[in-house]
Structures are given as structure tokens and as C-alpha cells.
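Remarks on the overall topology
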Amino acid sequence: MAATETKAQRVERLKGELNPWEAYAEIVRFAREGWDAIPLEWLGTYFRWWGIYTQGDGVGAIGGKGGEGKATRHFMVRIRIPNGQLQAHQLRTIAGLAEGYARGIADITVRQNIQLHWVTLESLPDVFQTLWRTGITTMGACGDVTRNVTGCPLAGVDADEIVDASPLVHAATRMLNGNPAFYNLPRKYKVSITGCRVWCAYPEINDVGLTALRHPATGEIGFAVRVGGGLSTDPRLAGRLDAFVHWHEALPVLRAISEIFRDSDVLRQNREKARLKFLFLQHGWTGEKFLAAVEDRLGGSLEHGVPDDPPEDVYRDHVGIHRQRQDGLVYAGVAVLRGRLTPAEMRAAADLAERYGTGELRTTTMQNLLIPNVRRERAAALARELDAAGLRLESSPFWRGTIACTGSEFCKLALTETKGFARALVEELETRLPGFDEHVKLHVTGCPNSCGQHWIADIGIEGKKVKVDGALVDAYYFCVGGGLGRQAATARPIGLRVPATDVGATIERLLRAFLAERFAGESFRQFCARHSDEELRVRLAGGRVEATERDVPAGRPPHGVDG
């Protein structure tokens, strides 16, 4: 009897049999013939290469079996937005698609994408063709491919940037996305390229992160390279290679790294251990070995690295009115709570970008939306019109700092509902702590896989289930003190799990303790760093409680449902 095929073996076989990017005609046929014409390999695998996931039934993982909930006959469709750069007509088009095909829902993701939900099979060809006509695509937004290449949303306008790196973002996208040489990677592959000083594209948690720096001896602008970052259930911050990468070397270096990942057969044996970071976590690779492999692919040595300057702290939501590098111009950053926009809000933002700016907009990794290139003297009028449209330039730290993943509303792998919960939690915290004015990143993720990036949050809460009066209810497990930059560290699991209804009061206790006990000038992260897990748990719980395990499930992580 033949051995049963493992999950990894099945996926690898399917990828070897078909490049989904070359089979768009099949999607058109399915749309014409109906749901029953779709083979299981398309529902479970190939659709993802086109930015498509089957949508959950709203119950989440506990509504199914094997760690995955039931799928409906609707899709989530993710739109790829390289560097978060949009034109007004493109956002207006997305608004029309959200209104016509997605029940009025569009979500900005933590990778600067925009997601639609409730999309039917029959509408997929029209959605794709409408997007293509405006110059954007869903191709490669999911699957075992290079995901949306992220960058600083202020590229080209940041008053303090080292260089505008967005041309490299778009060149990298052209090199990797749609290229048959890179359709079959071991798993998802995330790239960040930024020329800003504060690394708001989070290079430390990408598979590859290029950050601009100026060579201290020559003054030339080049890049430092970090590799092997990622979150999920095994968080690892990317390690820096000993190389100064010149501008003209950036794409060849990225291609070499991509080929190393693609050709690492050892990563194809286990779907749960298939990201680039596992070369370092499980297979004995070091930075030196990786650099040697890159140089071998390049056929020559790279210049030795020079010191770079990680930011003191990474909290840059870009919210409010701020000056640009161009004299007399400012940008307006809108705080979009949990990234969710209505068609009316998108149309309003597009109209205002054309009337007050140059028709450009930017999405951010904190799920916000920016309008650049506004004349300073017109900023106040723009602010009034944004407010009238329900788009906030000014808001509480809770509104500004809260991130939420898709959650069980649409995701088959989530344990808890997150989007509605995040909004209610923000409103509760604004009531409980009026006047609180410290920057705090509060990340809500619906399961241990960290699509809401709870590992890099000041307060990261991870979705669980607990029994209350015999019934399973949503609950959250607390991780505290995460962040990136000079003191980069993943958040510490504190050993406390509470029902969702108690989260607001729990956070209030911790933040009131911070306000009462902090040293002069001390940030929340610094406050957490000088307290033990037990001390923080006491402040969260309001008294001593036994530590609770995180209960990480043995099931597989999702196939990249994060943004």
C-alpha cells in the first residue's frame, strides 16, 4: 500500500503540476460553470496565487475540524498595493468593487494591501478585470510567493528620509511577482525596502528587509540587509548581514536571497517550518553562511557592512498634518480604526486627494490612509472636510494605536472575532482613560498565528476560547512589551488569559499602574522592561494569580492570511 501523502507533499505535488499564474482561464471557466466545477486543489491551494481565500462562516476554527473552520461560498480577495501607493481613481475603483461585490467592506492590512470580503465566484472575472484596467492586481497577494513588497508610505515626501526607495519596491515587485521562476517558493515570502529613518515598514519581521543608510566614509547611499524575520507561532527578528549593498546591487541581492529560499528543499518537508527563518532556527544557518551563499549566487563579494542606525522606537502611525520635504507641502494622515473603510469613506478620500493634493494616496502598515502633497495653507480646509466625511486626523492613542487582524468574522482559522471587538475596546478605553496621551500600540490577533502582529505590540492580545458558565466564549491572552528598532524585542507572554468582556478593565489597570509608577520620561516599553512577568501580571489582573499557559495549538498555521 502506498504511503499516505503528507500535507507538505500534497502541496508540493500540486505546485509542481501547475503554475496557477498561467491558469487564469480556469477561474473564468469556474465562474461560468459554477461552484461545483471547482476542484479541491483550486479551493485549497491554487486560488491563493490570485489573492483569493475561501471565506469562513463567521464561527472560526471551532466551527470545523482539524483547526480550520467551515468555508462558505464566498471569497476574501486581497488587492496588492506595492509600497502602499495608490491613485485616487484606483481607490475609487476599489470603493465601487466593495459596494458592488463585497457588501461594502474593505480592510487595509498590515502589509499595505486592501482586502474585500463576500466576493462571489461569478464576480471574480469582473473584479480582476476592473482592477487590471486601473493598473492594480491581486496576483501574488497570497500563496507560496513574494507577498506585497512594503515600504515607507512617505517615500518621496518624508522630510527626513535618507532616500526615496519606492522605485526599488516597484522594481522588486516586477522581478518577483508573476515571474514563473518564483511562483513556487516553500511558503510565503515577505520583503520590505525602505529609505526612511524610522523603519515603519518593519524590516525586522520580514524575510528580507533592506534599510537605507549612508556610508560613513564615502557618503554613498546604500542598504543594510536583514534576513530571516517573521512572527506566527515562532517569532524571530531578522538578523543583519555583514554587507553594504550599493543601490545597483539591491535587486541582484534580493534575487539571490529569493533563489536561496526557493532552492531550500529542506524547507519543503513541513508546512509549519517552511519560512526562511527556519534555516536559522532549525537548520544551523548563520549570518556568515547566508552571506556566503548570497555572494556565491552573485559571483562576487559584497562590501563589508557599516554601522546602521536603528530607530530609538518604532511607532509611526503617520496620523495628523505633517510637513513634507517639498517646501510648502504637507501630508494628512487619517487614523483608520482597525483598517476598515466604507465605500463612501474611500470615495471621499479619493475626491479630497484630487482636490487638495495631486490625486495620490498611501496605505500604511498600521492600517491607516495618507493624502500627500497638500499646500500648507489648504491643510485646515482639508482637515475640516475629512472630519465631515468621518475620517479622523485627530484621535486618541487607542484609536491610533490599535491594529486588528481579520478575525473569525471571515477567517476560518481564527478563534475570536477581532474587528468589532477592537472598535468596542477602543471606545471602552477612551471612556475608562480619558486624556491618556501616551503612544501605545495595542494589537488584537484572533489566534496564535499573529496576523495582527501581537508579538511587536506594547500590548498584544492573542485570541483564545474559555468556558464561562459552561459556554465557550471569546478570550484573550496577554503579551506585553514588544517593539522594534534599537531595543527590538518580541512581546513577553505574561501568563494571563481573560474573557473578552474583561479585556478593557485589565488594560486599564496596567496603564493606570504605568501612569502612577513610571520614572520621569519613561515610555511604556521601558516600564514593562524593568518589571518581571509576575509583576506585570499582578498589575493586569489587579492581584496575584497563577500563570496560565498560552495553549498554542498543535494544528498548522494559516497559509498567509495575514495582510
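Up top is the structure these notes are about.
Now for a quick tour of the structure. (Residues numbered from 1 in each chain as written. Predicted model: local features only at pLDDT ≥ 70, side-chain atom pairs only at ≥ 80, totals over all residues. Heavy atoms only, no water.)

Details of the packing of aromatic side chains
- Using the criterion set out here, one finds 21 aromatic pairs in the structure.
- Here Tyr24 and Trp50 contribute two aromatic rings whose centre-to-centre distance is 5.4 Å and whose plane-to-plane angle is 50 degrees, an arrangement assigned as tilted. Of this pair, Tyr24 sits in helix H2 (residues 24-33) while Trp50 sits in the loop between helix H3 (40-44) and strand S1 (52-56), and the two are 26 residues apart along the sequence. Here Tyr24 matches Trp50 in class, with each residue buried.
- Relative to Phe47, the ring of Phe30 lies with its centre 6.2 Å away and its plane at 75 degrees, an arrangement referred to as edge-to-face. Pair noted here: Phe30 is in helix H2 and Phe47 is in the loop between H3 and S1, with a separation of 17 residues, a long-range link.
- Take Phe30: its relative accessible area is 0%, and that puts it in the buried class. (Phe/Tyr/Trp six-rings, centres within 6.5 Å; stacked < 30°, edge-to-face > 60°. Helix = DSSP H or I, 4+ residues; strand = E, 2+ residues; numbered from the N terminus. Buried < 20%, exposed > 50% of the residue type's maximum accessible area, 1.4 Å probe, protein only.)

A closer look at the pattern of salt bridges
- The final tally for this structure, using the stated rule, is 44 salt bridges.
- The partner of Glu259 in a salt bridge is Arg255, with the nearest N and O atoms 3.2 Å apart. Placement of both Glu259 and Arg255 in helix H7 (residues 250-262) is noted, with a separation of four residues, approximately one turn of the helix. (Salt bridge = Lys/Arg side-chain N within 4 Å of Asp/Glu carboxyl O.)

Notes on the packing of helix H13 (residues 419-432) against helix H14 (residues 503-517)
- Two numbers describe how H13 lies on H14: the axes approach to 10 Å, and their chain directions differ by 45 degrees. By the angle class used here, H13 and H14 are oblique. H13 and H14 meet at a crossing whose hand is right-handed. Here Phe421, Leu425, Glu428, Leu429 and Arg432 of H13 lie close against H14, whose contacting residues are Val503, Gly504, Ala505, Ile507, Glu508 and Arg512. (Axes fitted to C-alpha atoms, helices over the stretch in contact; angles between N-to-C directions. Parallel < 35°, antiparallel > 145°, perpendicular 65-115°, else oblique. Left-handed = near helix turned anticlockwise from the far one by under 90°. Contact = heavy atoms within 4.5 Å.)

Quick look at the sheet that holds strand S19 (residues 471-480)
- What the five strands build is an open sheet, ordered S16-S17-S18-S19-S20; its pairing is mixed. The open sheet is flanked by strand S16 (402-404) and strand S20 (492-499), the only strands paired with a single partner. Going from strand to strand, the sheet's axes swing by 25 degrees on average, the running direction of each strand aside.
- Direction of pairing for strand S18 (residues 459-468) relative to S19: antiparallel, over a ladder of 10 bridges. Its bridge partner being in S19, Lys467 is matched across the sheet by Leu472.
- Of the strands in this sheet, S19 and S20 are in contact with helix H16 (residues 533-541), which crosses S20 at around 20 degrees. (Pairing = 2+ DSSP bridges.)

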